[in-house]
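Take a look at the letters that make up each chain.
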There are 2 protein chains.
Amino acid sequence: MPKEKTYSIGVDIGGTKMTGVLFDGAHAVADYTLATPKDDLVSFINVLVALIEPLKERAKKGRLKIKGIGLGIAGALDIPHGVILESPNLPVLDGFNIVEKLKERIEPEWETALDNDANCFTLAEARVGAGRKYQNIVGVTIGTGLGGGWYYEGRIYHGMNSSSREPGQLIIDHTTGLTTEQAFHKITQSNPAILAEEAYRGDPLAEKSFGEIATLLGSMFANIATILEPEMIVVGGGVVQSSDLFLNQATKTMAKYLFNPQTKKVKIVKAKLGPLAGAIGAALLIT
Amino acid sequence: MPKEKTYSIGVDIGGTKMTGVLFDGAHAVADYTLATPKDDLVSFINVLVALIEPLKERAKKGRLKIKGIGLGIAGALDIPHGVILESPNLPVLDGFNIVEKLKERIEPEWETALDNDANCFTLAEARVGAGRKYQNIVGVTIGTGLGGGWYYEGRIYHGMNSSSREPGQLIIDHTTGLTTEQAFHKITQSNPAILAEEAYRGDPLAEKSFGEIATLLGSMFANIATILEPEMIVVGGGVVQSSDLFLNQATKTMAKYLFNPQTKKVKIVKAKLGPLAGAIGAALLIT
């Protein structure tokens with residue numbers, strides 16, 4: 001008799017939309033997306049519950065046993081207590097014990113877990129995505145901002161006090177304290193998607209901006225490689241759709257900026273799981 | 001009957017001198033220093049053997065059983081095979097299998113080990129120095145250059161391919177690829193000891209330079225905290241004797257440059273073991 005599969009639900013809570021998946025340990029067997037209410041907590045909870053219900057129904061119809069639910073969200077988190085300390089995109093959630101509320105509103109006996117969204121992305125790509133056959137993997141998400149996480153010895157590394165290890169916060173000018181993410185915002189004017197469209201239309205200024213992005217990201221990859229030297233850096237997030245505009249050059253810049261020939265061996269690869277990666281990683285928090 | 005102590009010998013091979021210790025698991029019970037011959041391999045080996053012999057004699061007289069010998073040296077190493085791939089300070093050692101030669105010349109049955117000098121410093125401060133009561137520790141050495149290592153889960157983290165994780169190689173200007181260490185060399189004109197003397201004499205230019213050093217190191221500490229968030233960063237190396245000229249300000253700069261209040265909790269502390277730290281860490285490679 002084959003071993004019974006374990007199912008879990010994962011939800012990626014973004015500033016504009018929330019995506020939920022029903023996950024069977026290897027694949028998303030159902031997914032569902034709703035717009036995120038930003039104005040009040042009651043609406044937020046109601047929509048979150050509305051997102052989860054159809055996935056629960058789907059499991060019930062298939063007689064699939066759900067073990068628990070994981071949530072991924074940007075910001076400062078108190079993971080052991082399930083509390084969102086500070087959410088840059090959804091300030092209405094600041095100080096909210098989302099895990100306790102979910103237990104109350106969904107299924108009290110489900111396991112629950114919470115982690116940073118970029119950590120969830122990294123966990124998903126490491127376990128079932130581009131890093132599947134590797135053990136030491138940094139995930140980097142390039143969207144409006146620059147996030148990241150590190151998968152090492154079978155789990156996400158969190159550091160001592162805070163939940164997220166964001167490469168976008170690496171200082172890139174020691175005299176002013178300018179971060180990599182701030183430099184990225186300056187170049188893209190906080191809208192990399194529009195900049196990419198302009199570059200594809202052949203706008204020389206936009207093309208030049210992507211040259212600058214390549215140098216900036218190459219430098220960030222070099223700094224990650226200097227400290228962590230993982231086997232690979234998996235690059236995802238919305239902007240990876242335009243990776244032909246910058247990723248090769250960023251990889252070359254990384255190699256040029258590194259001294260140690262051994263450290264240059266770090267691979268830079270594109271993510272495999274697409275827009276569901278965050279939700280799949282949230283589901284993988286339940287093991 | 002008390003448990004018999006295990007003794008080991010550790011040697012810190014520097015560009016100008018070599019220091020050896022006989023180590024009892026907690027303290028150096030004897031230490032010895034000789035100038036490093038730089039010109040030919042035969043003289044180098046003879047002096048290395050001459051450094052070890054009196055420590056071996058000391059153990060023999062005290063009827064102490066030596067388990068093995070560890071070596072610490074700067075540069076790119078092939079640790080599993082005991083080979084020095086590239087030594088910046090002692091190019092005569094490039095490609096040399098130092099561990100094999102030692103076995104042949106000293107005691108074939110001794111255990112042997114090799115690691116980067118900044119990793120040895122970090123291991124010593126983590127196990128028996130300033131980090132004794134902590135588990136997650138970054139060591140930073142400030143001398144002519146900037147070295148470092150990370151102690152996590154009971155051992156030094158090496159990364160996938162190369163042996164050393166040097167924070168001095170963090171890029172601090174993404175447009176040019178300037179590293180933290182290169183910026184440090186520019187400010188100190190590669191002689192921080194003389195610059196410190198000038199600052200203590202009240203030279204305003206030298207004092208200004210130490211302000212720049214504080215900003216540079218604060219930025220480096222912030223980048224280490226962003227990626228690793230250890231409990232503490234232990235700062236050692238020759239320049240730590242002048243730490244009153246820069247360390248407080250560097251710590252403030254780190255806190256100013258970090259966004260996450262949780263990440264700001266990383267402690268910056270001075271090393272405790274003094275100039276023997278590297279040799280003690282080399283001895284600790286034998287366990």
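Residues numbered from 1 in each chain as written. Chains lettered and ligands numbered in written order. Predicted model: local features only at pLDDT ≥ 70, side-chain atom pairs only at ≥ 80, totals over all residues. Heavy atoms only, no water.

Q: In this structure, what is going on with the nonpolar core? I would like to understand it.
A: Nonpolar side chains in soluble globular proteins tend to end up buried together. Within the largest apolar cluster, 84 residues are counted, with the highest numbers of intra-cluster contacts made by A:Phe221 and B:Phe221. Apart from the residues within four sequence positions on either side, A:Phe221 is in contact with A:Val140, A:Ile233, A:Val235, A:Leu247, A:Ala250, A:Met254 and A:Ile268. (Core = buried A, V, L, I, M, F, W, Y, C linked by side-chain atoms within 4.5 Å. Buried < 20%, exposed > 50% of the residue type's maximum accessible area, 1.4 Å probe, protein only. Contact = heavy atoms within 4.5 Å.)

Q: Looking at this model, I keep getting lost on the interface of chain A and chain B. Mind explaining?
A: A common measure of how large an interface is: the accessible area buried when the components associate. Taken residue by residue, the interface counts 44 residues in chain A and 44 residues in chain B. Both sides of the chain A and chain B interface together cover about 4100 Å² of buried area, and 56% of this is carbon and sulfur. Between chain A and chain B we count four salt bridges in total. Here A:Glu153 makes a salt bridge to B:Arg155, at a shortest N to O gap of 2.9 Å. Connecting chain A to chain B are 32 residue pairs in polar contact (both at pLDDT 80 or more). The set of elements that each furnish at least two residues to the side of chain A that touches chain B consists of strand 10 (146–152), strand 12 (171–173) and helix 6 (204–227) of chain A. (Buried area = accessible area lost by both parts, 1.4 Å probe. Salt bridge = Lys/Arg side-chain N within 4 Å of Asp/Glu carboxyl O. Polar contact = N/O pair within 3.5 Å; in protein donor to acceptor, adjacent residues only side chain to side chain. Helix = DSSP H or I, 4+ residues; strand = E, 2+ residues; numbered from the N terminus.)

Q: Can you help me understand the relation of the copies chain A and chain B in this one?
A: Both copies of the chain are tied together by a single rotation about an axis and a shift running along it. When chain A is fitted onto chain B, the two copies agree to an RMSD of 0.0 Å after a turn of 180° and an axial shift of 0.0 Å. With respect to symmetry, the two chain copies, as superposed, fit the operation of a two-fold axis. Using C-alpha coordinates, one finds that chain A approaches the rotation axis most closely at A:Ile172, a distance of 2.6 Å. Comparing interface residues between copies, 100% of those in chain A also lie at the interface in chain B; the contact surface is shared. (Least-squares fit on C-alpha atoms with pLDDT ≥ 70 in both.)

Q: When you look at the sheet that holds strand 10 (residues 146–152) of chain B in this model, what are you seeing that I'm missing?
A: Strand pairing within a sheet occurs via backbone hydrogen bonds; the two strands may be parallel or antiparallel. All names here are of chain B. As summarised here, the arrangement of the five strands in space is 11-10-9-14-15, forming an open sheet in which the pairing is mixed. Strands at the two margins of the open sheet, each flanked by one partner only, are strand 11 (155–156) and strand 15 (267–270). Strand contacts of helix 6 (residues 204–227): strand 9 (137–142), strand 10, strand 14 (232–236) and strand 15, with the helix running at about 155° to strand 9, the strand carrying the most contacts. (Pairing = 2+ DSSP bridges. Axes fitted to C-alpha atoms, helices over the stretch in contact; angles between N-to-C directions.)

Q: Teacher, can you tell me more about the pairing of strand 4 (residues 66–73) of chain A here?
A: Looking along a regular strand, one sees side chains alternate from face to face of the sheet. Residues and elements named next belong to chain A. Of all eight residues in strand 4, seven are buried; the element is thus mostly enclosed. Taken together, the seven bridges between strand 1 (residues 7–13) and strand 4 define a ladder with parallel strand orientation. For Tyr7, the partnering residue across the bridge sits in strand 4 and is Ile66. Where strand 4 meets strand 8 (residues 111–116), six bridges bridge the pair, whose relative direction is parallel. From the neighbouring strand, Leu71 faces strand 8, where its bridge partner is Leu114.

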